[in-house]
Amino acid sequence: MEVAKTLSSSKDKDDSEDYLFNPPEDLVCPITHQLFKDPVVNSAGSMYEREAILHFLESSENPVDPVTREELTGGLFTVLKHRSRVIEYRESVARTCIDIACRKDCDQPVKYLRRAADLCSEVNVEIPGLTPECVEQLRRSSDNAYDADAMKKFAEGLLSCGDRDKAAAVYYNLLTVGDDKDRQAELLKRCVECWSGASGEPVNYTYQKFTEFVMNQEAFSWGQIIDIVHKAGISEKLALRLCEELLNQPVEAGSAHWNEQRDVLVKYVGIQCQSLKDKQGWTETEVQQILEWKEKLSKTREIRPRGTTRPISALREHRKPFFLRKKFLASVVFGIANFIDGPNIILKLARTVPVLYLFNAKQ
């Protein structure tokens, strides 16, 4: 695109910025000194913004050209080709400003965000990341001061559009501003979420991108990043995996990264020890709860140890008919059966069983 070519061919940064913030003269209305929205040409061959030239002609006595003072004899005609050029300039410059605002070395991202918002607000051009909430936040602040809220909304807009790398870059830029540990932990957590899976849990892609992020950034040491990860409570697994990835990086002995790897190793061992301590504390808590539960249960009913059964004598006593469980009842049944004559099998049993029971009870 035209802007991209201009930026790449320009050797002077000021020249490229001048093109971004100062459009070519043929795209600017001589009356309003603003970019054209609806350019029209008059009979003198001059181009103006329709609303501006109509207002000028209504307020003047004679229809003359505002610049050349030449008398006008015809009407106004829309210049569609020029309108297309203006729209192309707006869109291309807005996208370039968005790209610059996402760079890690950009020290005034809000300045470029506001420029992109201004270019797109007056035409129907959609730019990824420039959500209505972001544009509204930019309008609330009148200067190019670093507006963290606007940058957050911009990152959220990029993430919703699927541009995860740019969203993570914006969160990183926010991360480098100030030294509030809680705020840094929150921003780093959002940065990791840009690379997480659909469930929000870290995946292999998350570990890969996060390791690249730590290796390429220069604002924090590796140890500081691990401390922020641990403080953010993102995932113990993520912190350990990051340590392992950093420890596996080939570095030269005595270099800056060599010393950083030593720091990472110490933190890796510390996280592992803390994890074991937490697991031991959890186990002790669970055991204590089980013991308390058993103690409460023992007060309400007798607890039979697992694997034990009732005594054989108790089982035998339970299986006997109710009238044979007591000696007195057995004697009564035996006596009644003796007074009744007959060969009935039930009577025979009624005479025999009580005798056997009484005999067994004496043993």
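Bear in mind the structure is a predicted one, so any value in this text is a computation, not a measurement. Every chain is numbered on its own, with residues counted from 1 as its sequence reads. Owing to the predicted nature of the model, reporting of local features is limited to residues with pLDDT of at least 70; listing and counting of side-chain atom pairs is limited to 80 or more, with chain, interface and lining totals taken over all residues. Think of the side-chain values as coming from all heavy atoms in the structure, minus any hydrogens and water.

### With respect to the state of the cysteines
Point 1. Two cysteine sulfur atoms form a disulfide, by the criterion used here, when they sit within 2.5 Å. In this structure the tally under the stated criterion is 0 disulfides.
Point 2. Note on C194: no disulfide assigned, nearest cysteine sulfur contributed by C191 at a separation of 5.7 Å.
Point 3. For the exposure calls, accessible area comes from a 1.4 Å probe over protein chains only, and a residue counts as buried if that area is under 20% of its type's maximum, exposed if over 50%, partly exposed in between. By relative accessible area, which is 1% here, C194 ends up buried.

### A word on the packing of aromatic side chains
Point 1. Pairing of aromatic rings covers Phe, Tyr and the six-membered ring of Trp, with a centre-to-centre limit of 6.5 Å; geometry is then stacked below 30 degrees between planes, edge-to-face above 60, and tilted otherwise. Taken as a whole, this structure holds 6 aromatic pairs when the rule is applied.
Point 2. When the centroid spacing of 5.6 Å and the interplanar angle of 80° are considered together, the rings of Y19 and Y89 count as edge-to-face. Of this pair, Y19 sits in helix 2 (residues 13–21) while Y89 sits in helix 4 (residues 80–101); the two residues are 70 residues apart in sequence, bridging distant segments of the chain. When sorted by exposure, Y19 lands in the same class as Y89, which is buried.
Point 3. Relative to F213, the ring of Y172 has its centre 5.3 Å away and its plane inclined at 85°; by these criteria the two rings are edge-to-face. Counting from the N terminus, the helices are the DSSP runs of H or I reaching at least four residues and the strands are the DSSP runs of E reaching at least two.

### Notes on the nonpolar core
Point 1. Here the nonpolar core consists of buried residues drawn from Ala, Val, Leu, Ile, Met, Phe, Trp, Tyr and Cys, with membership extended through side-chain atoms lying within 4.5 Å. Membership of the largest hydrophobic core comes to 73 residues, with the highest contact counts inside it found for I98, L113, L130, F154, F210, F213 and V214.
Point 2. In terms of residue count, helix 4 provides more of this core than any other element does, 8 residues in total.
Point 3. If we ignore the near neighbours within four places in the chain, the residues touching V214 are W222, I225, L242 and L246. Only heavy atoms enter the contact rule, under which two residues are in contact if any of them lie within 4.5 Å.

### Looking at the environment of R164
Point 1. As for its position among the elements, R164 is in helix 8 (residues 164–175).
Point 2. For R164 and V192, which are 28 residues apart along the polypeptide, the C-alpha to C-alpha distance reads 10.0 Å.
Point 3. When neighbours within four sequence positions are excluded, R164 is seen to be in contact with L159, C194, W195, S196 and Y205.

### Here's the deal with the environment of C243
Point 1. With respect to the helices and strands, C243 occurs in helix 12 (residues 236–247).
Point 2. Excluding its chain neighbours within four sequence positions, the residues that come into contact with C243 are I226, V264 and Y268.

### Concerning the packing of helix 5 (residues 109–121) against helix 6 (residues 132–140)
Point 1. Convention adopted: a line fitted to C-alpha atoms gives each axis, helices being fitted over their contacting stretch, and angles between N-to-C directions are expressed from 0 to 180 degrees. Between helix 5 and helix 6, whose axes approach to 10 Å, the crossing angle comes to 115°. Classified by the interaxial angle, the pair formed by helix 5 and helix 6 is roughly perpendicular. Every pair of crossing elements has a handedness; the one defined by helix 5 and helix 6 is left-handed. In this structure, helix 5 uses V110, L113, R114, A117 and S121 to contact helix 6, whose residues at the interface are V135, L138 and R139.
Point 2. Basically, the charged four are Asp, Glu, Lys and Arg, the nonpolar ten are Ala, Val, Leu, Ile, Met, Phe, Trp, Tyr, Cys and Pro, and anything else, Gly included, counts as polar. For the contact of helix 5 with helix 6, the per-class residue count stands at 5 nonpolar, 1 polar and 2 charged. Any angle from 65 to 115 degrees is called roughly perpendicular, while one under 35 is roughly parallel, one over 145 is roughly antiparallel, and all others are oblique. Crossing chirality is assigned from the near helix's rotation relative to the far helix, an anticlockwise turn below a right angle marking it left-handed and a clockwise turn marking it right-handed.

Any link to function would need more than the numbers given here.
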